[in-house]
Amino acid sequence: MALTKTTVRSSPGSRYIVQTEASATADNAVAGTSGTLLQADIDNTGNLSAVYLKLYNNASPTVGTTAPEWVFKCPAQVRRIFSCVPGSTFATNLSMACVTNGGTAGTVSPANPVIVRLLLNV
């Protein structure tokens, strides 16, 4: 996986997270602390089926068992940007996974890479 973290200056958010190969394997504690989710950008243009971005208010969730705080559905072959204005807080940390079925139980990775970008205020 290729996960990057960037400090953002002069922006509504202070941290920009990019995962170029989001999958059912959780990216744990991507925020590094508590904070606010401002935007979730899901690029599912490479897949023929919908994907679900699961975000956890948990530093180390178990995908398929831990209930996600948020689930964003992105249809097949499109890019969707979800804005959370004025922001949605997470108290512990933020972890993420991307799967092909929604709900807590989904554990199957997308067939092709999904790019996820998160804008956070931490």
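Fair warning: this is a prediction, and the values are worked out from it, not measured in the lab. (Residues numbered from 1 in each chain as written. Predicted model: local features only at pLDDT ≥ 70, side-chain atom pairs only at ≥ 80, totals over all residues. Heavy atoms only, no water.)

Caption draft 1: Up close: the pattern of salt bridges. Taken as a whole and judged by the stated rule, the model has two salt bridges. Taking the shortest distance from any N to any O, the salt bridge between Arg-79 and Asp-41 comes out at 2.4 Å. In this pair, Arg-79 sits in strand S6 (residues 79-90) while Asp-41 sits in strand S3 (residues 35-43), placing the two residues 38 residues apart along the sequence. On the accessibility criterion, Arg-79 (41% relative accessible area) is partly exposed. Taking the relative accessible area as the measure of exposure, Asp-41 reaches 4% and is therefore buried. Put simply, Asp-41, Arg-79 and Arg-117 are held in one network by salt bridges that share partners. (Salt bridge = Lys/Arg side-chain N within 4 Å of Asp/Glu carboxyl O. Helix = DSSP H or I, 4+ residues; strand = E, 2+ residues; numbered from the N terminus. Buried < 20%, exposed > 50% of the residue type's maximum accessible area, 1.4 Å probe, protein only.)

Caption draft 2: Quick look at the sheet that holds S6. A sheet is described by the order of its strands in space; here five strands give the open sequence S1-S2-S8-S3-S6, paired in antiparallel fashion. In the strand order of this sheet, the two ends are held by strand S1 (3-7) and S6, each with one partner. Adjacent strand axes in the sheet meet at a mean angle of 15° when their direction is disregarded. Bridge analysis of strand S2 (residues 15-19) against strand S8 (residues 115-121) gives five bridges, and the strand direction is antiparallel. The residue bridging Tyr-16 from the neighbouring strand is Leu-119, located in S8. (Pairing = 2+ DSSP bridges. Axes fitted to C-alpha atoms, helices over the stretch in contact; angles between N-to-C directions.)

Caption draft 3: How the structure looks around the nonpolar core. In terms of nonpolar packing, the biggest core is built from 22 residues, with Leu-37, Leu-53, Leu-55, Phe-72, Leu-94, Leu-118 and Leu-120 touching the most fellow members. Excluding anything up to four places from it in sequence, Leu-55 contacts Leu-37, Pro-68, Glu-69, Trp-70, Phe-72, Leu-94, Ser-95, Met-96 and Leu-118. (Core = buried A, V, L, I, M, F, W, Y, C linked by side-chain atoms within 4.5 Å. Contact = heavy atoms within 4.5 Å.)

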